[in-house]
Amino acid sequence: MAILVRHAMTESPKTVRSSASVNEVAQVMKSEDVGVIPIMEGEEPVGLITDRDLVIRVLAEGKDPVEVRAGDIASRAPVSVTPDMKLSDARELMEEHQVRRLPVVKGRELVGILSLGDVAWADASTREVGEALRAVSESDSTVSSNEDLLREPRIGRADTNSLPLGDSTFISSPDSWVAPRLG
(Lines give C-alpha, C1' and ligand atoms only; values in the text may rest on other atoms or scores of the structure.)
Protein backbone atom coordinates (compact mmCIF):
# COMPACT_ATOMS: atom_id res chain seq x y z
CA MET A 1 0.00 0.00 0.00
CA ALA A 2 1.41 3.36 -1.00
CA ILE A 3 1.92 6.14 1.52
CA LEU A 4 -0.15 9.18 0.62
CA VAL A 5 0.66 12.86 1.12
CA ARG A 6 -2.09 13.04 3.77
CA HIS A 7 -0.11 10.60 5.93
CA ALA A 8 2.99 12.81 6.00
CA MET A 9 1.81 16.42 5.64
CA THR A 10 1.43 19.04 8.33
CA GLU A 11 -2.30 19.73 8.52
CA SER A 12 -3.99 23.12 8.77
CA PRO A 13 -0.90 25.31 8.62
CA LYS A 14 -1.06 28.83 10.01
CA THR A 15 -1.38 31.34 7.14
CA VAL A 16 -1.10 35.08 6.61
CA ARG A 17 -2.71 37.41 4.11
CA SER A 18 -0.61 38.81 1.30
CA SER A 19 -1.15 42.29 2.78
CA ALA A 20 0.50 41.32 6.10
CA SER A 21 3.90 42.79 6.91
CA VAL A 22 6.95 40.57 6.70
CA ASN A 23 7.45 41.34 10.39
CA GLU A 24 4.08 39.64 11.08
CA VAL A 25 5.20 36.65 9.02
CA ALA A 26 8.36 36.35 11.12
CA GLN A 27 6.32 36.55 14.33
CA VAL A 28 4.01 33.75 13.14
CA MET A 29 7.04 31.62 12.19
CA LYS A 30 8.43 32.12 15.69
CA SER A 31 5.17 31.40 17.53
CA GLU A 32 4.39 28.32 15.40
CA ASP A 33 8.03 27.15 15.31
CA VAL A 34 7.96 26.69 11.53
CA GLY A 35 10.15 27.74 8.63
CA VAL A 36 7.40 28.39 6.09
CA ILE A 37 4.12 30.30 6.03
CA PRO A 38 1.54 30.02 3.23
CA ILE A 39 0.41 33.36 1.87
CA MET A 40 -3.30 33.78 1.09
CA GLU A 41 -5.33 36.11 -1.10
CA GLY A 42 -8.91 35.66 -0.01
CA GLU A 43 -9.37 31.94 0.55
CA GLU A 44 -6.75 30.82 -1.98
CA PRO A 45 -3.06 30.15 -1.38
CA VAL A 46 -0.89 32.28 -3.65
CA GLY A 47 2.59 31.48 -2.42
CA LEU A 48 4.92 30.64 0.41
CA ILE A 49 7.40 32.61 2.48
CA THR A 50 10.30 30.75 4.04
CA ASP A 51 12.68 31.88 6.73
CA ARG A 52 15.32 32.01 4.00
CA ASP A 53 13.10 34.39 1.95
CA LEU A 54 13.03 36.75 4.94
CA VAL A 55 16.81 36.79 5.17
CA ILE A 56 17.61 37.02 1.45
CA ARG A 57 14.78 39.27 0.21
CA VAL A 58 14.35 41.57 3.18
CA LEU A 59 17.17 41.62 5.73
CA ALA A 60 20.09 41.22 3.33
CA GLU A 61 18.60 43.96 1.14
CA GLY A 62 18.32 46.33 4.11
CA LYS A 63 14.53 46.59 3.76
CA ASP A 64 12.24 47.39 6.69
CA PRO A 65 10.28 44.22 7.68
CA VAL A 66 7.40 46.37 8.94
CA GLU A 67 7.03 48.10 5.57
CA VAL A 68 7.48 45.10 3.22
CA ARG A 69 4.29 43.15 2.46
CA ALA A 70 4.18 39.34 2.42
CA GLY A 71 2.75 39.31 -1.08
CA ASP A 72 5.76 41.29 -2.35
CA ILE A 73 8.32 38.63 -1.41
CA ALA A 74 6.30 35.39 -1.46
CA SER A 75 7.57 32.65 -3.69
CA ARG A 76 4.75 31.74 -6.00
CA ALA A 77 4.25 28.02 -5.61
CA PRO A 78 5.09 26.49 -8.99
CA VAL A 79 3.21 23.34 -8.11
CA SER A 80 0.99 21.92 -5.40
CA VAL A 81 -0.09 18.44 -4.38
CA THR A 82 -3.30 16.87 -3.16
CA PRO A 83 -3.76 14.87 0.04
CA ASP A 84 -4.50 11.71 -1.97
CA MET A 85 -1.36 11.88 -4.10
CA LYS A 86 1.30 9.23 -3.55
CA LEU A 87 4.13 10.50 -1.40
CA SER A 88 6.63 9.17 -3.95
CA ASP A 89 4.99 11.34 -6.66
CA ALA A 90 5.20 14.40 -4.40
CA ARG A 91 8.89 13.68 -3.76
CA GLU A 92 9.50 13.55 -7.52
CA LEU A 93 7.73 16.92 -7.95
CA MET A 94 9.97 18.43 -5.27
CA GLU A 95 13.01 17.15 -7.09
CA GLU A 96 11.77 18.24 -10.51
CA HIS A 97 10.88 21.77 -9.33
CA GLN A 98 13.76 22.00 -6.84
CA VAL A 99 11.55 22.94 -3.89
CA ARG A 100 11.64 21.77 -0.29
CA ARG A 101 7.99 22.49 0.53
CA LEU A 102 4.71 22.06 -1.32
CA PRO A 103 1.26 23.39 -0.51
CA VAL A 104 -1.32 20.63 -0.16
CA VAL A 105 -4.65 21.64 -1.64
CA LYS A 106 -8.05 20.03 -1.95
CA GLY A 107 -9.84 21.86 -4.71
CA ARG A 108 -8.74 25.44 -4.03
CA GLU A 109 -8.55 25.01 -0.25
CA LEU A 110 -5.20 24.81 1.49
CA VAL A 111 -5.29 21.74 3.77
CA GLY A 112 -1.61 21.28 4.57
CA ILE A 113 2.06 21.73 3.83
CA LEU A 114 4.39 18.94 2.81
CA SER A 115 8.05 19.49 3.51
CA LEU A 116 11.05 17.49 2.39
CA GLY A 117 11.55 16.70 6.08
CA ASP A 118 8.02 15.24 6.24
CA VAL A 119 8.84 13.04 3.24
CA ALA A 120 12.12 11.91 4.79
CA TRP A 121 10.40 11.13 8.10
CA ALA A 122 7.68 9.07 6.38
CA ASP A 123 10.27 7.21 4.28
CA ALA A 124 12.40 6.57 7.38
CA SER A 125 9.36 5.31 9.27
CA THR A 126 8.60 2.88 6.44
CA ARG A 127 12.20 1.66 6.47
CA GLU A 128 12.12 1.37 10.25
CA VAL A 129 9.01 -0.81 10.07
CA GLY A 130 10.82 -3.08 7.61
CA GLU A 131 13.90 -3.17 9.81
CA ALA A 132 11.77 -3.97 12.88
CA LEU A 133 10.08 -6.80 11.00
CA ARG A 134 13.46 -8.18 9.99
CA ALA A 135 14.77 -7.84 13.54
CA VAL A 136 11.74 -9.64 14.96
CA SER A 137 12.08 -12.33 12.32
CA GLU A 138 15.72 -12.75 13.31
CA SER A 139 15.21 -12.57 17.07
CA ASP A 140 17.43 -14.62 19.38
CA SER A 141 14.70 -17.18 19.97
CA THR A 142 14.09 -17.64 16.24
CA VAL A 143 17.80 -17.86 15.45
CA SER A 144 18.35 -20.20 18.42
CA SER A 145 15.59 -22.56 17.22
CA ASN A 146 17.00 -22.59 13.73
CA GLU A 147 20.53 -23.24 15.02
CA ASP A 148 19.26 -26.18 17.11
CA LEU A 149 17.79 -27.72 14.00
CA LEU A 150 21.09 -27.33 12.18
CA ARG A 151 23.05 -29.00 15.01
CA GLU A 152 20.95 -32.17 15.02
CA PRO A 153 22.56 -35.11 13.17
CA ARG A 154 20.70 -35.96 9.99
CA ILE A 155 20.46 -39.26 8.19
CA GLY A 156 20.50 -38.99 4.42
CA ARG A 157 22.98 -38.29 1.64
CA ALA A 158 26.50 -37.01 2.14
CA ASP A 159 28.06 -34.12 0.22
CA THR A 160 31.01 -31.76 0.45
CA ASN A 161 29.27 -29.55 3.05
CA SER A 162 29.30 -32.36 5.64
CA LEU A 163 31.63 -32.21 8.61
CA PRO A 164 33.12 -35.50 9.95
CA LEU A 165 32.39 -36.34 13.56
CA GLY A 166 34.37 -39.38 14.70
CA ASP A 167 34.47 -42.44 12.47
CA SER A 168 30.82 -43.13 12.01
CA THR A 169 28.60 -39.98 11.71
CA PHE A 170 28.48 -36.64 10.03
CA ILE A 171 26.67 -33.47 11.02
CA SER A 172 25.47 -31.42 8.13
CA SER A 173 23.08 -28.72 7.14
CA PRO A 174 19.51 -29.85 6.29
CA ASP A 175 20.30 -29.82 2.58
CA SER A 176 23.22 -32.29 2.93
CA TRP A 177 21.98 -35.28 4.86
CA VAL A 178 24.36 -38.12 5.83
CA ALA A 179 24.04 -41.59 7.27
CA PRO A 180 26.13 -43.27 9.98
CA ARG A 181 28.60 -45.91 8.82
CA LEU A 182 27.51 -49.38 9.89
CA GLY A 183 29.84 -52.16 10.78
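Residues numbered from 1 in each chain as written. Predicted model: local features only at pLDDT ≥ 70, side-chain atom pairs only at ≥ 80, totals over all residues. Heavy atoms only, no water.

Participant: Sorry if this is basic, but what is going on with the overall build of the protein chain here?
Facilitator: For the protein chain, the helix and strand inventory stands at seven helices and eight strands. Of the contacts formed within the protein chain by residues at least 6 apart in sequence, a portion of 48% connects residues at least 24 apart. (Helix = DSSP H or I, 4+ residues; strand = E, 2+ residues; numbered from the N terminus. Contact = heavy atoms within 4.5 Å.)

Participant: Got a minute to help me understand a negative patch on the surface in this structure?
Facilitator: On the surface, a cluster of negative charge is made up of Asp89, Glu92, Glu95 and Glu96. Take Glu92: it is sitting in helix H5 (residues 87-97). (Patch = residues over 30% accessible without salt bridge, like charges linked within 9 Å, V, L, I, M, F, W, Y side chains within 5 Å. Areas by Shrake-Rupley, 256 points an atom, 1.4 Å probe, with all protein chains shown as cover. Salt bridge = Lys/Arg side-chain N within 4 Å of Asp/Glu carboxyl O. Lys, Arg positive; Asp, Glu negative; His and termini not counted. Charge placed at Lys NZ, Arg CZ, Asp CG, Glu CD.)

Participant: What exactly am I supposed to notice about the sheet that holds strand E6 (residues 109-115) here?
Facilitator: The strand order E1-E6-E5 describes an open sheet built from three strands, whose pairing is antiparallel. Unpaired on one side and paired on the other, strand E1 (10-11) and strand E5 (101-106) mark the two borders of the sheet. Examined bridge by bridge, E5 and E6 share six bridges and lie antiparallel to one another. When the sheet's bridge partners are listed, Lys106 is paired in E6 with Glu109. (Pairing = 2+ DSSP bridges.)

Participant: How do you make sense of the packing of helix H2 (residues 22-32) against helix H3 (residues 51-59) when you look at a structure like this?
Facilitator: When two helices pack together, you describe them by how their axes are tilted relative to each other and by the distance separating the axes. The geometry of H2 relative to H3 is characterised by a closest axis approach of 10 Å and an angle of 150° between their N-to-C directions. With respect to each other, H2 and H3 are oriented roughly antiparallel. Crossing handedness for the pair H2 and H3: left-handed. For the pair formed by H2 and H3, the contact residues are Val22, Ala26 and Met29 on the first element and Asp51, Leu54 and Val58 on the second. Of the residues that constitute the contact of H2 with H3, the class distribution is five nonpolar, no polar and one charged. (Axes fitted to C-alpha atoms, helices over the stretch in contact; angles between N-to-C directions. Parallel < 35°, antiparallel > 145°, perpendicular 65-115°, else oblique. Left-handed = near helix turned anticlockwise from the far one by under 90°. Nonpolar A, V, L, I, M, F, W, Y, C, P; charged D, E, K, R; others polar.)

Participant: In this structure, what is going on with the pattern of salt bridges? I would like to understand it.
Facilitator: A pair can form between side chains of opposite charge whenever their charged atoms are brought close. Scanning all chains against the criterion turns up four salt bridges. The partner of Arg6 in a salt bridge is Asp84, and the shortest N-O contact between them spans 2.5 Å. One end of the pair, Arg6, is in helix H1 (residues 5-8); the other, Asp84, is in the loop between helix H4 (70-73) and H5, with 78 residues separating them in the sequence. Close ionic contact of Glu43 with Arg17 constitutes a salt bridge, the shortest N to O distance being 3.9 Å. Of the two residues, Glu43 is situated in the loop between strand E3 (36-41) and strand E4 (44-50) and Arg17 in strand E2 (residues 16-17); the sequence distance between them amounts to 26 residues. Since its relative accessible area comes to 41%, Arg17 is described here as partly exposed. (Buried < 20%, exposed > 50% of the residue type's maximum accessible area, 1.4 Å probe, protein only.)

In short, geometric facts, not functional conclusions.
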